[in-house]
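Chain residues, written in single-letter form:
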Amino acid sequence: MYEPIRTKSVHTPACPDPDFPHRSREEELDIQLAGHLAALLAVTDELRSLAPSGDLNTAAERLADQVARLRGGVRPVRATSATHGGDAQIAPLHRRAHALAGRALVVAASRADTAAAILSAERIDAHAAASAEPVAAG
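Attention here is on the structure that accompanies the text. (Residues numbered from 1 in each chain as written. Predicted model: local features only at pLDDT ≥ 70, side-chain atom pairs only at ≥ 80, totals over all residues. Heavy atoms only, no water.)

### Looking at the overall build of the chain
Part 1 of the argument: Scanning the chain from terminus to terminus reveals four helices and zero strands.
Part 2 of the argument: For the chain, the succession of helices and strands along the chain, N to C, is α-α-α-α.
Part 3 of the argument: Residues classed as buried in the chain amount to 30% of the 138 residues present.
Part 4 of the argument: Intrachain contacts of the chain at a sequence separation of at least 6 include 70% that bridge at least 24 residues.
Part 5 of the argument: Element-wise, carbon and sulfur atoms account for 58% of the exposed surface of the chain, whose accessible area totals about 9,100 Å². (Helix = DSSP H or I, 4+ residues; strand = E, 2+ residues; numbered from the N terminus. Buried < 20%, exposed > 50% of the residue type's maximum accessible area, 1.4 Å probe, protein only. Contact = heavy atoms within 4.5 Å. Areas by Shrake-Rupley, 256 points an atom, 1.4 Å probe, with all protein chains shown as cover.)

Structure below.
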């Protein structure tokens, strides 16, 4: 019924460029997931400086471990200076962390990375709960 295509596709390069770096889908997802988790770590460090807690300390260490794993053992750069601000900054930071954890969860699920997916889901829950809490005035 249909005649088979006998010519090469116009989308196929005539000669592949060996100098052009090619990465697999898994490598691209690793890079993307490490970026989302590193961004979440930065927001977590900022939250830790405004409202220190054991939960945020533990989460920051687990996030740093996951980023290092995805980057081949290279530890992420961490914030060392204290952020100045007040309770008014905390709620937006929790919302931002919630969104970043959601992005990380999507990539982790796509990559089938159970450890990163579980950590991301836990952070989503923690930041959603923190966003729902009324901020204490005073």
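### Here we look at the environment of Ser 53
Part 1 of the argument: One can find Ser 53 in the loop between α1 (25-50) and α2 (54-70).
Part 2 of the argument: Among the polar contacts made by the side chain of Ser 53, one reaches the main-chain amide nitrogen of Leu 56 at a distance of 3.1 Å. (Polar contact = N/O pair within 3.5 Å; in protein donor to acceptor, adjacent residues only side chain to side chain.)

### Some remarks on the pattern of salt bridges
Part 1 of the argument: According to the stated counting rule, one finds ten salt bridges in the structure shown.
Part 2 of the argument: The residue Asp 55 makes a salt bridge to Arg 123 at a minimum N-O spacing of 3.6 Å. Of this pair, Asp 55 sits in helix α2 while Arg 123 sits in helix α4 (residues 114-132), placing them 68 residues apart in sequence.
Part 3 of the argument: Look at Arg 123 and you get buried, because its relative accessible area is 5%. (Salt bridge = Lys/Arg side-chain N within 4 Å of Asp/Glu carboxyl O.)

### Re α4
Part 1 of the argument: Its 19 residues place the ends of α4 27 Å apart at the C-alpha level, agreeing with the 27 Å of an ideal helix rising 1.5 Å per residue.
Part 2 of the argument: Within α4, the full set of buried residues consists of Ala 116, Ala 117, Leu 119, Ser 120, Arg 123, Ile 124 and His 127. Take α4 and look down its axis: the buried residues cluster within an arc of 160 degrees, on one side only. Across from the buried face of α4, at angles greater than 90 degrees, the exposed residues are Thr 114, Asp 125 and Ala 132.
Part 3 of the argument: Packing partners of the buried residues in α4 comprise α1, α2 and α3 (87-111). (Expected span 1.5 Å × (residues − 1). Arc of directions from axis to C-beta.)

### Looking at the environment of Leu 33
Part 1 of the argument: Mapped onto the fold, Leu 33 is located in helix α1.
Part 2 of the argument: Along the backbone, Leu 33 and Ala 108 are 75 residues apart, and their C-alpha atoms lie at a distance of 6.6 Å.
Part 3 of the argument: If near-sequence neighbours (up to four positions away) are discounted, Leu 33 is found in contact with Leu 70, Ala 104, Val 107, Ala 108, Arg 111, Asp 113 and Ala 116.

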